[in-house]
Amino acid sequence: MTKRSRTASPAASRPGVCQTEPQPPDRPALRFGLCCIFHSQPIRFRQTTARALLPLSRKERLRKLSAICLENVGGVGRALHYLAKNRIDAFRISTPLLPRYTHPQVGYRLDDLPDAAAIHAGFAAIRAFRRQHDIRLSLHPDQFNVLSSPRPEVVRNTLRELEYQGLLAELAGVEVINLHAGGVYGDKSAALARLRSRIADLPEAIRGRLTLENDDVSFSPADLLPFCRQEGIPFVYDVHHHRCLPDGMSEEEATAGCVETWQGLGREPYFHISSPKNGWGAGSPKPHADYIDPCDFPEEWKSLCATVDVEAKAKELAVLRLMADLGVQP
């Protein structure tokens, strides 16, 4: 496995893009990412529902939300300490870290919460630890966030959610807000045209962090790479989705295209890896397995300086096993 030799990213000077810190000389070239939650570690993130909050008075509601937010921010801090100890160098933060933040009836502002000062201090600690240990942070808004939708109410809700994501990214020092392009709606070109116009209107806190990922239903790498090149948006290559939705482009070509969109901005590429739960010959290959079959890991990625998010049900156990399978030890 080759070693990293990176300097701070030129993209750090762009608004809304976090600086990538210089690497320790012994860090592997590939960094691996954990997605959102843990399988076995006692690190948990709490949620609540609008139904549970609505019967409460405003004061009681804010007190409950404040306790959950404070606990969740502390959970991210504990997660980063675990990752640094085990040389897992990227973390996808669960997007409802501040639950129900944008809800029309029970939504709130961070400074409304009784523990606002402690929550801000927790975020400051996250930013400092991330910088010190060069851990990449990302967000991946849920699939109902669709900028390319022809329905105005869907777009309004998506923009409201993305404003929250941008705030969360600023607070935590997140580099990437990753989206899918959405549905085709009977006309792929028209959907991409809507996506283009709505991305252009995004605030820089969101636009400067935005990435687009291929999916396994509508938009393949062949669809999105030309779009990303034209718009100057980094492309996140999900090889599992590509295998589920082939498009005539080879994995080698898609990998090279992904790398190009990131390197053109002076940034480190992002990839996603999964294995099919039932294997490639039995039923739908779309559901994710507990672990990654090392045979599913593209050969083209092994020599790259890049981040690979491991999308597997066994979470940190799957990341550590894949690292071991590839010869990367904590």
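None of these values were measured; they are calculated from a predicted model.

Draft legend 1. The overall build of the protein, seen in detail. Looking only at helices and strands, one finds 10 helices and eight strands in the protein. For 330 residues, the compact-globule estimate of 2.2 N^0.38 gives 20 Å, and the C-alpha radius of gyration of the protein, at 19 Å, lies within 12% of that figure. Principal-axis analysis of the C-alpha atoms places the extent of the protein at approximately 55 × 50 × 45 Å. Counting every position in the protein, which comprises 330 residues, the buried fraction comes to 53%. The contacts in the protein between residues at least 6 apart in sequence include a share of 74% that link residues at least 24 apart. Approximately 13,800 Å² of the protein is accessible, and the part contributed by carbon and sulfur atoms is 52%. Across the protein, the centroid of the 42 positively charged side chains sits 7 Å from that of the 39 negatively charged ones.

Draft legend 2. Up close: the packing of aromatic side chains. Going through the model one piece at a time under the given rule, you end up with 11 aromatic pairs. Counting every residue linked through ring pairs, the aromatic cluster contains Phe32, Phe235, Tyr237, Phe271, Phe297 and Trp301. For the cation-ring pair, lysine 188 lies above phenylalanine 219, with the distance from its terminal atom to the ring centre recorded as 5.7 Å. Sitting over the ring of tyrosine 291, arginine 321 keeps its end group 3.7 Å from the ring centre.

Draft legend 3. Seen up close, the nonpolar core. The biggest cluster of nonpolar side chains holds 87 residues, and the ones touching the most others in it are Phe32, Phe91 and Phe123. Looking at which element gives the most residues to this core, the answer is helix α2 (residues 58-85), with nine residues. Those residues in contact with phenylalanine 32 that sit more than four places away from it in its chain are Ile88, Asp89, Ala90, Phe297, Val308, Val310, Val319, Leu322, Met323, Leu326 and Val328.

Draft legend 4. Spotlight on the sheet that holds strand β6 (residues 235-238). If you trace the eight strands once around the closed barrel, you get β1-β2-β3-β4-β5-β6-β7-β8, paired in parallel fashion. Across the sheet, the axes of successive neighbouring strands diverge by a mean angle of 30 degrees, strand direction being ignored. Here two bridges tie strand β5 (residues 210-213) to β6, and the two strands are oriented parallel to one another. The partner of glutamate 213 across the bridge, within β6, is valine 236. Lying on the sheet, α2 is in contact with β1 (30-35), β2 (90-92) and β3 (136-139); it crosses β2 at an angle near 150 degrees.

Draft legend 5. Up close: the environment of asparagine 178. Mapped onto the elements, asparagine 178 comes out in strand β4 (residues 176-180). Note on asparagine 178: relative accessible area 3%, which makes it buried. Asparagine 178 sits 31 residues away from arginine 209 along the chain, and the two C-alpha atoms are 8.0 Å apart. Every residue in contact with asparagine 178, bar those within four places of it in the chain, is listed here: Leu139, His140, Pro141, Thr211, Leu212, Glu213, Val236 and His272. Looking at asparagine 178, its side chain comes within polar contact range of the side chain of threonine 211, at 2.7 Å.

Draft legend 6. Layout of the packing of helix α7 (residues 221-231) against helix α9 (residues 251-263). Their axes nearest at 10 Å, the elements α7 and α9 cross at an angle of 20 degrees. In this view, α7 runs roughly parallel relative to α9, as classed from their interaxial angle. Crossing of α7 against α9: the hand is left-handed. Residues Pro221, Leu225, Cys228 and Arg229 of α7 touch α9, and the partners they reach there are Ala254, Gly257, Cys258, Glu260 and Thr261. Classifying every residue of the contact of α7 with α9 by side-chain character gives five nonpolar, two polar and two charged.

Draft legend 7. Broad picture of unusual backbone geometry. For tyrosine 185, which is not glycine, the phi torsion reads 55 degrees and is therefore positive. Of note in the backbone geometry, lysine 315 takes a positive phi value of approximately 50 degrees without being a glycine. The class for lysine 315 is buried, based on a relative accessible area of 16%.

How each quantity is defined
Residues numbered from 1 in each chain as written. Predicted model: local features only at pLDDT ≥ 70, side-chain atom pairs only at ≥ 80, totals over all residues. Heavy atoms only, no water. Helix = DSSP H or I, 4+ residues; strand = E, 2+ residues; numbered from the N terminus. Rg over C-alpha atoms; globule rule 2.2 N^0.38 Å. Buried < 20%, exposed > 50% of the residue type's maximum accessible area, 1.4 Å probe, protein only. Contact = heavy atoms within 4.5 Å. Areas by Shrake-Rupley, 256 points an atom, 1.4 Å probe, with all protein chains shown as cover. Lys, Arg positive; Asp, Glu negative; His and termini not counted. Charge placed at Lys NZ, Arg CZ, Asp CG, Glu CD. Phe/Tyr/Trp six-rings, centres within 6.5 Å; stacked < 30°, edge-to-face > 60°. Lys NZ or Arg CZ within 6 Å of the ring centre and 35° of its normal. Core = buried A, V, L, I, M, F, W, Y, C linked by side-chain atoms within 4.5 Å. Pairing = 2+ DSSP bridges. Axes fitted to C-alpha atoms, helices over the stretch in contact; angles between N-to-C directions. Polar contact = N/O pair within 3.5 Å; in protein donor to acceptor, adjacent residues only side chain to side chain. Parallel < 35°, antiparallel > 145°, perpendicular 65-115°, else oblique. Left-handed = near helix turned anticlockwise from the far one by under 90°. Nonpolar A, V, L, I, M, F, W, Y, C, P; charged D, E, K, R; others polar.

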